[in-house]
Amino acid sequence: MATESDENRRDFLVLATGAVGAAGCAGAVWPFVKSWSPSADVLSQATTEVDVSSLAAGQMITVPWQGKPVFILRRTPEQIEAARKADSEPLPDPAKDADRVKRPEFLVLLALCPHLGCVPQPIGTGNYGGFLCPCHGSHYDTSGRIRQGPAPKNMAVPYYEFKDEKTLVIGKATA
Amino acid sequence: MSKIMEWVDARLPVTALLKSQATEYPTPKNLNYWWNFGSLALFVLIIMIATGLFLAMHYKADANQSFDVVEHIMRDVNYGWLLRYLHANGASFFFMVVYIHILRGMYYGSYRKPREILWWFGIIIFFMMMATAFMGYVLPWGQMSYWGAAVITNLMSAIPIIGEDLVVWIWGGFSVGDPTLNRFFALHFLLPLVIFGVVMVHMWALHAVHSNNPVGIDVHEGKDTIPFHPYYTIKDLYGAGVFLIFFCAVVFYAPNFFLEPDNYIPANPMQTPAHIVPEWYFLPFYAILRSIDFLGSFSKLAGVIAMGGAIAILFILPFLDRSPVRSFRYRPLSKQLFWIFVVDCFVLGWVGYNPADAAIFDGALPLIIVGRTGTALYFGYFFLLWVITAFDIEKHTPVPKSI
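Residues numbered from 1 in each chain as written. Chains lettered and ligands numbered in written order. Predicted model: local features only at pLDDT ≥ 70, side-chain atom pairs only at ≥ 80, totals over all residues.

## Here we look at the overall build of chain A
Along its length, chain A carries 4 helices and 9 strands. Reading the helices (α) and strands (β) of chain A from amino to carboxyl end gives α-α-β-β-β-α-α-β-β-β-β-β-β. Its C-alpha atoms give chain A principal-axis dimensions of about 90 × 35 × 25 Å. A burial count over chain A gives 23% of its 175 residues as buried. Taking the contacts inside chain A whose residues are at least 6 apart along the sequence as the reference set, 47% of them involve residues at least 24 apart. (Helix = DSSP H or I, 4+ residues; strand = E, 2+ residues; numbered from the N terminus. Buried ≥ 20, exposed ≤ 12 C-beta atoms within 10 Å, placed from the backbone. Contact = placed C-beta atoms within 7 Å.)

In structure tokens form, the structure reads like this:
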């Protein structure tokens, strides 16, 4: 006959075996899950370096960064002026232009509409002197802020820094 | 929970199926550890399908890219090295497990009436495994991949009249190349899923006639059986644990033990490696293929037929063995033949591993002679088993009335 201590012992063994088994399965599943994460060769392309010295005022270029388009606009004094002026207006997603740029003359934007991910058209295509997303008609101003249309947020500003006077580095190098 | 199961069971009797086919499935109480290898084979098949699926997510079948993409998997993909080493060594362990599984069936007479169909489906699985393993080995597109593919596909050219055209058709060109690699990848992806389906049929056939046992006599349900769960679930899990110790030891400490160094050289159609060998699990059959070299222009076809026959003969094994007793435990002559057969398979493997023109004892004994003898012994097993049982030469020892 099984005594009470036998049954406790059996319960403990079943639980302990189950726990070790579950931990083992989780450990075995992890490499499969992790194999979907960006591989080393993809991570090595995590940053994009751009020489911005040749950009004329008012000129915009599109550069690829991590497979996505990034707009770099060298803004004219009028465009900066327009963006600063709009700071005090009621904005759908309030943000100061000064917080969206590192140097006032360079506007760097992740060129994907926060609505559903289309690429907006270049500077000057939308109302407010900025960008128009052709998919669902979102209008962005000269700071890339949403002013009109279905997009819920401003166009994102990717992480970037100026390596020197001429060179802009988009993205952060990771280990 | 029980409410939900009631609802489901009223529509699809899941609980009843699990009870009759898994938890309370009556299993002979005297199964020894050799009976672990069936469930173990299924376990390895699942490992192979899982790792293979995830490798396929990174692999590209392209003669210009495949070699590099495998190195990309090894170096760049997170845990790609682990997935590949599990998969490549998994193939070796799959064959080890299945060879033991087959030999267990041969020793204990598991192929005998009423388990012939069960046995046949097993051989079909084995044959499909060989095809899958061969095509998988081509995918890294190294030197061994390429020349292995070249040699094996060239076997088809031995077929009279249509042979040459057939090989061109299989290649999709006039040599092993990009089209060959692409179709091999597609088939290598498909076949394991077909194998999985046939394994289900194999298990259906098993559950219809129930397991054989080491004594080899029919069991009485209840008196001689115990429920599969927990007795054999725990035993199979224990076996899987022991298996994993060996498997992981190779995967983590000697991952290239079973792999050929030459396969880390990109495929080069202009140059054959000095000594090409198939993977170890094909070596005995490779030795049989090469041992037929004494029939002149007919040798090539005869070698291919002998190699195919070495597997095909397993199909008629249930009819060759005429003994009234299943288990070799009580059949002294069969038992001796069996062990000679096992040793012979190792000898053939060793012959297959060595170059065709090698010799031992200072050249006194060319290996081709050993290979021919080994081939004769291989087929001799089946012939002699028939002779000693069909003509009542073997006198079996007393067989227990019950287990």
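## Some points on the overall build of chain B
In terms of regular secondary structure, chain B is built from 14 helices and 4 strands. Over its C-alpha trace chain B gives a radius of gyration of 23 Å, about what one expects of a compact globule, namely 22 Å for 403 residues. Its C-alpha atoms put chain B at 65 × 60 × 45 Å along the principal axes. Here chain B holds 403 residues, and 34% of them are scored as buried. For chain B, the share of sequence-separated contacts (at least 6 apart) that also reach a separation of at least 24 residues comes to 78%. (Rg over C-alpha atoms; globule rule 2.2 N^0.38 Å.)

## Considerations on the sheet that holds strand E1 (residues 48-51) of chain A
Through backbone hydrogen bonds, the strands of a sheet pair up, either in parallel or in antiparallel fashion. Residues and elements named next belong to chain A. Taken in spatial order, the 3 strands line up as E1-E9-E8 in an open sheet, and their pairing is antiparallel. Every interior strand has two partners, whereas the edge strands, E1 and strand E8 (160-162), have only one. On average, adjacent strands in this sheet sit at an angle of 20° to one another, irrespective of strand direction. By the bridge criterion, 4 bridges tie E1 to strand E9 (residues 167-170) in an arrangement that is antiparallel. Considered in E9, the bridge of Val50 is made with Leu168. (Pairing = 2+ DSSP bridges. Axes fitted to C-alpha atoms, helices over the stretch in contact; angles between N-to-C directions.)

## A closer look at the sheet that holds strand E2 (residues 60-65) of chain A
Residue and element names in this part refer to chain A. The sheet built from 3 strands is open, its strands ordered E2-E3-E4 with antiparallel pairing. With one partner strand each, in any of the chains shown, E2 and strand E4 (106-110) form the two edges of the open sheet. In this sheet, adjacent strand axes meet at a mean angle of 25° when their direction is disregarded.

## Quick look at the domain arrangement of chain B
Accessible area lost upon the coming together of the parts serves often as the stated size of an interface. Residue and element names in this part refer to chain B. For chain B, the domain assignment lists domain 1 (34-276) and domain 2 (280-403). For domain 1 and domain 2, the distance between their C-alpha centres works out to 23 Å. With 28 residues of domain 1 in contact, the opposing surface of domain 2 contributes 23 residues. Elements that contribute at least two residues to the side of domain 1 that touches domain 2 include exactly helix H5 (80-107) and helix H6 (116-138). Grouping the amino acids of the side of domain 1 that touches domain 2 by side-chain chemistry returns 18 nonpolar, 6 polar and 4 charged. (Domains from an automatic or database assignment. Nonpolar A, V, L, I, M, F, W, Y, C, P; charged D, E, K, R; others polar.)

## Observations concerning the confidence of the model for chain B
Summary statistics for chain B give a mean pLDDT of 96 and a share of 100% for residues scoring 70 or more. Confidence metrics for the complex model read pTM 0.89 and ipTM 0.87. (pLDDT = per-residue confidence, 0-100.)

## Description of the pairing of E9(A)
Residue and element names in this part refer to chain A. Every second residue of E9 is oriented toward a common face, the buried set being Leu168 and Ile170 and the non-buried set Thr167 and Val169. Looking at chain direction, E8 and E9 are connected through 3 bridges and run antiparallel. Counterpart to Phe162 in the pairing with E9 is Leu168.

## Section: helix H1 (residues 4-34) of chain A
Between its first and last C-alpha atoms H1(A) spans 45 Å; for 31 residues at 1.5 Å apiece the expected length is 45 Å, and the two agree. Summarising burial for H1(A): 0 of the 31 residues are buried, a small minority. (Expected span 1.5 Å × (residues − 1).)

## Comments concerning unusual backbone geometry
Peptide bonds are trans in most cases, and residues, glycine excluded, mostly fall at negative phi. Pro114(B) follows Lys113(B) through a cis peptide bond whose omega is 5°. In this fold, Pro114(B) is placed in the loop between H5 and H6. One non-glycine residue, Gln66(A), adopts positive backbone phi at about 50°. Mapped onto the secondary structure, Gln66(A) falls in the loop between E2 and strand E3 (68-74). The partly exposed category is assigned to Gln66(A), around which 16 C-beta atoms lie within 10 Å. Of note, the phi angle at His210(B) is positive, near 70°, even though the residue is not glycine. Positionally, His210(B) belongs in the loop between helix H9 (178-209) and strand E2 (225-227).

## Re the nonpolar core
All names here are of chain B. In terms of nonpolar packing, the biggest core is built from 46 residues, with Ala41, Val44, Phe94, Val97, Val138 and Leu139 touching the most fellow members. At the level of secondary structure, the elements contributing two or more residues to this core comprise helix H3 (37-56), helix H4 (66-75), H5, H6, helix H7 (143-154), H9 and helix H10 (228-253). Excluding residues within four positions of it along the chain, Ala41 makes contact with Val97, Val98 and His101. (Core = buried A, V, L, I, M, F, W, Y, C linked by C-beta atoms within 7 Å.)

## Brief notes about the confidence of the model for chain A
When pLDDT is low, close inspection of the predicted coordinates is not appropriate. Averaged over all residues, the pLDDT of chain A is 92; the fraction at 70 or higher stands at 97%. No element of chain A has a lower mean pLDDT than helix H2 (residues 40-43) of chain A, which averages 88, and none a higher one than E4(A), which averages 96.

## Considerations on the interface of chain B and chain A
Across the contact, 11 residues belong to chain B and 8 residues belong to chain A. The biggest single contributor to the side of chain B that touches chain A is H5(B), with 3 residues. Partitioning the side of chain B that touches chain A into residue classes produces 6 nonpolar, 3 polar and 2 charged.

## Here's the deal with the packing of H6(B) against helix H12 (residues 299-320) of chain B
Residue and element names in this part refer to chain B. Relative orientation of the contacting elements H6 and H12 amounts to 170°, with a least axis distance of 9 Å. With respect to H12, the element H6 is oriented roughly antiparallel. Across the interface between the two elements, Glu116, Trp119, Trp120, Ile123 and Phe127 of H6 pack against Ile311, Leu314, Phe315 and Pro318 of H12. (Parallel < 35°, antiparallel > 145°, perpendicular 65-115°, else oblique.)

## Brief notes about the environment of Cys133(A)
Residues and elements named next belong to chain A. You can see Cys133 is positioned in strand E5 (residues 131-133). With 33 residues separating them along the chain, Cys133 and Lys166 place their C-alpha atoms 30 Å apart. Those residues in contact with Cys133 that lie beyond four places of it in its chain are Cys113, His115, Cys118, Pro120, Ser138 and Ala151.

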